[in-house]
Amino acid sequence: MASKQTAPIMNQGQGETSYAHNSSIQNAEQNKMKSLIEAVVVELCSNTGTLQPGKMVIVDLGCSTGPNALALVSIAVEAIHAHCLQFQQPSPEVSVLLNDLPENDFNTVVKSLVTLRQSNDPVVVTGITPGSFYERLFTSESVHLVCSSNSLHWLSKAPEDLKTNLIPAYDIDEHSRHERLPIVLEAYAKQYRKDFTLFLKLRAKELVSGGRMIISLLGRRSDIIATKFPFLPEIVAQILCVMVSEVHFNTFFSSMHL
Ligand SMILES: C[S@@+](CC[C@H](N)C(=O)[O-])C[C@H]1O[C@@H](n2cnc3c(N)ncnc32)[C@H](O)[C@@H]1O
């Protein structure tokens, strides 16, 4: 029995199959966060205590590559400038930091970060923070705004219980799959609780007092029973099914929780 752990790395570059050219659905989700980000920026800019001494650090966790990498932070930067212009307030100096796993295609991202710097006046400095958002990424009490879209359904790893007991998330045998569904569901939920709690603890250390966090992630209502795969939308499940049969895997683990 062959099995494989999936790595959540998006396709690099600008080609036809790149994430940069295949992320419009995710971008639509990001656009839904626009008004929230704008509202939070107004709160942050109005609270001089939080902003002292006139600096703001904005981060995107799981930025990936392509236009979406900059979408959320761009909204925030534009909102800061619009607010400060409207109220004749001096703009804070802004530091924008983009995070993803080290294997992410940061080359394309870096080039677009330069555009963000050039198109904004006053000071906007930018940087990359490679690493897992399940680890410390920033110094204590240094971040004012954390944004993240379409990323936090990725777990730190596939559930250990399933791997040790050789229970795959997907099993080609339908009977085994149905029989193990409750175990698989509980294992993913348990891992998610553990990971998300850790994520919150880490960010709590990194955020300044009064800092804000805006997160959007995929999910489903717990009262809606999942069909073939408990944690994947049907379309992804079908694609994985074909891939699995083509490469002759009959089981796989995934680090995605839905
Ligand atoms: C579907 S993409 C979302 C990208 C972008 N935020 C968007 O909304 O289009 C998910 C991203 O999360 C990143 N990711 C997954 N697990 C991560 C982790 N533990 N730490 C940092 N980034 C992670 C992946 O590498 C990937 O680039």
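Residues numbered from 1 in each chain as written. Predicted model: local features only at pLDDT ≥ 70, side-chain atom pairs only at ≥ 80, totals over all residues. Heavy atoms only, no water.

J.: Hey, could you go over the overall build of the chain for me, with residue numbers and the actual values?
T.: Along its length, the chain carries eight helices and seven strands. A burial count over the chain gives 46% of its 258 residues as buried. When the accessible area of the chain is evaluated, it comes to approximately 13,500 Å², of which 57% is carbon and sulfur surface. (Helix = DSSP H or I, 4+ residues; strand = E, 2+ residues; numbered from the N terminus. Buried < 20%, exposed > 50% of the residue type's maximum accessible area, 1.4 Å probe, protein only. Areas by Shrake-Rupley, 256 points an atom, 1.4 Å probe, with all protein chains shown as cover.)

J.: An account of the packing of aromatic side chains is requested, with residue identities and associated values reported.
T.: The description of two aromatic rings rests on the distance between their centres and on the angle between their planes. For the structure shown, the criterion picks out four aromatic pairs. Between the aromatic rings of Phe133 and Tyr134, the centroid separation amounts to 5.0 Å while the plane-to-plane angle is 75 degrees, which identifies the pairing as edge-to-face. A relative accessible area of 10% places Phe133 in the buried class. Seen from their ring centres, Phe133 and Phe199 are 5.8 Å apart, and the 90 degrees between their planes marks the pair as edge-to-face. With a gap of 66 residues between them, Phe133 in the loop between strand 3 (124-130) and strand 4 (143-149) and Phe199 in helix 7 (residues 174-206) connect regions that are remote in the sequence. One aromatic cluster is present, formed by Phe133, Tyr134, Tyr192, Phe196 and Phe199 through successive ring pairs. The aromatic ring of Phe199 is capped on one face by Arg203, whose charged end is 4.9 Å from the ring centroid. (Phe/Tyr/Trp six-rings, centres within 6.5 Å; stacked < 30°, edge-to-face > 60°. Lys NZ or Arg CZ within 6 Å of the ring centre and 35° of its normal.)

J.: How would you explain the nonpolar core if you had to name every residue and give the values?
T.: Core analysis: the largest hydrophobic core is formed by 30 residues, its most contacted members being Ile37, Val41, Ile58, Ile80, Val96, Leu98 and Leu145. Every element with two or more residues in this core is listed here: helix 2 (34-46), strand 1 (55-61), helix 4 (68-86), strand 2 (93-100), helix 5 (106-118) and strand 4. Per-element tally for this core: the top contributor is helix 4, with 10 residues. With residues near it in sequence (within four places) discarded, Leu98 still touches Asp60, Cys63, Ala69, Leu70, Val73, Phe106, Val109, Leu113, Gly127, Ile128 and Thr129. (Core = buried A, V, L, I, M, F, W, Y, C linked by side-chain atoms within 4.5 Å. Contact = heavy atoms within 4.5 Å.)

J.: Could you give an account of the sheet that holds strand 4, with specific residues and numbers?
T.: Strand order in the open sheet made by the five strands is 3-2-1-4-6, with parallel pairing throughout. Strands with a single pairing partner mark the edges of an open sheet, and in this sheet they are strand 3 and strand 6 (207-216). Ignoring strand direction, the axes of neighbouring strands in this sheet form an average angle of 15 degrees. Alignment of strand 1 against strand 4, held across three bridges, turns out to be parallel. Note that in strand 4 the partner of Ile58 across the bridge is Leu145. (Pairing = 2+ DSSP bridges. Axes fitted to C-alpha atoms, helices over the stretch in contact; angles between N-to-C directions.)

J.: Before we move on, can you summarise the confidence of the model for the chain with the specific residues and values?
T.: When pLDDT drops low, the exact placement of atoms in the prediction is not to be read closely. Counting all residues, the mean pLDDT for the chain is 84, and 79% of those residues have values of 70 or more. Within the chain, no element has a lower average pLDDT than strand 7 (residues 251-252), which sits at 60, and none a higher one than strand 4, at 97. Confidence drops under a pLDDT of 50 for residues 1-6, and excluding neighbours within four residues, the segment shows 20 contacts in the predicted structure. (pLDDT = per-residue confidence, 0-100.)

J.: Describe the site of the ligand, and please don't skip the residues or the numbers.
T.: Taken together, 20 residues surround the ligand, and among them Tyr19, Gly62, Asp100, Ser149 and Asn150 come closest. In this structure, an oxygen atom belonging to the ligand sits 2.5 Å away from a side-chain N or O atom of Tyr19. Coverage of the ligand by the protein amounts to 97% of the 600 Å² it exposes when considered alone. Counting residues per element, the ones that place at least two in the shell around the ligand are helix 1 (24-32) and strand 2. Across the shell around the ligand, the residue classes break down as eight nonpolar, 11 polar and one charged. (Near = heavy atom within 4 Å. Polar contact = N/O pair within 3.5 Å; in protein donor to acceptor, adjacent residues only side chain to side chain. Nonpolar A, V, L, I, M, F, W, Y, C, P; charged D, E, K, R; others polar.)

J.: So what's going on with the packing of helix 1 against helix 4? Which residues, and what values?
T.: The N-to-C vectors of helix 1 and helix 4 enclose an angle of 10 degrees; their axes lie 10 Å apart at closest approach. For the element pair helix 1 / helix 4, the angle class is roughly parallel. Contact with helix 1, carried on its side by Gln26, Asn27 and Gln30, involves Asn68, Ala71 and Leu72 of helix 4 and no other residues of that element. (Parallel < 35°, antiparallel > 145°, perpendicular 65-115°, else oblique.)

J.: Could you give me a rundown of the side chain of Ser95, with the residues and numbers involved?
T.: Note that Ser95 resides in strand 2. Its relative accessible area of 18% is what places Ser95 among the buried residues. If we ignore the near neighbours within four places in the chain, the residues touching Ser95 are Met56, Val57, Ile58 and Val125.

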